[in-house]
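# Report on the structure
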Amino acid sequence: MVFRQLLSKAVLPNLEKDLTRTVGREVAKMECNFAPQVYGYRPKIPSVGGAFGGTVAKQQAVQLQRIDIPFKPNQGLFHE
C-alpha cells in the first residue's frame, strides 16, 4: 500500500487537485434546479354496480392511485 502511494505521488503529483478543480468546474456548469416531488398513494375504488357490487369490490385486489401533492418550498420541518 505504501508503494502504491509513493508511486502515485511520483507519477501523478497533482492528480487530486486537478480532479477537484475539473469536477468543480463541471458541476458549476450544470443546472441542477430540480424541484422536489411530493406524492402519495390512495386506494382507487373501482366503480362496480349491480346487486352484488359490494361483495365483488371486497374480493378484488386493492389498486393504488398516485396522488401528486403540491410542494410549498418554505414550509416543512426546518422552516418556521
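Residues numbered from 1 in each chain as written. Predicted model: local features only at pLDDT ≥ 70, side-chain atom pairs only at ≥ 80, totals over all residues. Heavy atoms only, no water.

## With respect to the overall build of the chain
For the chain, the helix and strand inventory stands at three helices and two strands. Beginning at the N terminus, the succession of helices and strands in the chain can be written as α-α-β-α-β. At a minimum sequence separation of 6, the contacts of the chain that also span at least 24 residues come to 55%. Surface exposure of the chain reaches about 8200 Å², of which carbon and sulfur atoms provide 60%. (Helix = DSSP H or I, 4+ residues; strand = E, 2+ residues; numbered from the N terminus. Contact = heavy atoms within 4.5 Å. Areas by Shrake-Rupley, 256 points an atom, 1.4 Å probe, with all protein chains shown as cover.)

## Focus: the environment of R66
By the element assignment, R66 lies in strand β2 (residues 63-68). If sequence neighbours within four positions are ignored, R66 has contacts with Q37, Y39, G40 and Y41. Here the side chain of R66 touches D68 through a polar contact of 3.3 Å, side chain to side chain. (Polar contact = N/O pair within 3.5 Å; in protein donor to acceptor, adjacent residues only side chain to side chain.)

## Looking at the packing of aromatic side chains
Centre distance and the angle of the planes are the two values used to describe a pair of aromatic rings. Taken as a whole and judged by the stated rule, the model has one aromatic pair. Here Y39 and Y41 contribute two aromatic rings whose centre-to-centre distance is 5.9 Å and whose plane-to-plane angle is 90°, an arrangement assigned as edge-to-face. For Y39, a relative accessible area of 40% translates into the label partly exposed. Under the relative-accessibility criterion, Y41 is labelled exposed at 53%. Directly above the ring of Y39 sits R66, whose terminal nitrogen or CZ lies 3.8 Å from the centroid. (Phe/Tyr/Trp six-rings, centres within 6.5 Å; stacked < 30°, edge-to-face > 60°. Buried < 20%, exposed > 50% of the residue type's maximum accessible area, 1.4 Å probe, protein only. Lys NZ or Arg CZ within 6 Å of the ring centre and 35° of its normal.)

## Concerning the confidence of the model for the chain
For the chain, per-residue confidence averages 75 on the pLDDT scale, and residues scoring 70 or more make up 66% of the total. The least confident element of the chain, judged by mean pLDDT, is helix α3 (residues 53-59) at 56; the most confident is β2 at 89. (pLDDT = per-residue confidence, 0-100.)

## Section: the pattern of salt bridges
Overall, the coordinates contain three salt bridges when judged by the stated rule. D18 is paired through a salt bridge with R21; the nearest N and O atoms lie 3.4 Å apart. Of this pair, D18 and R21 both sit in helix α2 (residues 15-29), three residues apart, which is roughly one turn of the helix. Across the salt bridge formed by E26 and K29, the nearest N and O atoms sit 3.6 Å from each other. One end of the pair, E26, and the other, K29, are both in helix α2, three residues apart, so they sit about a helical turn from each other. Accessibility expressed as a relative area gives 42% for E26, which makes it partly exposed. Taking the relative accessible area as the measure of exposure, K29 reaches 61% and is therefore exposed. (Salt bridge = Lys/Arg side-chain N within 4 Å of Asp/Glu carboxyl O.)

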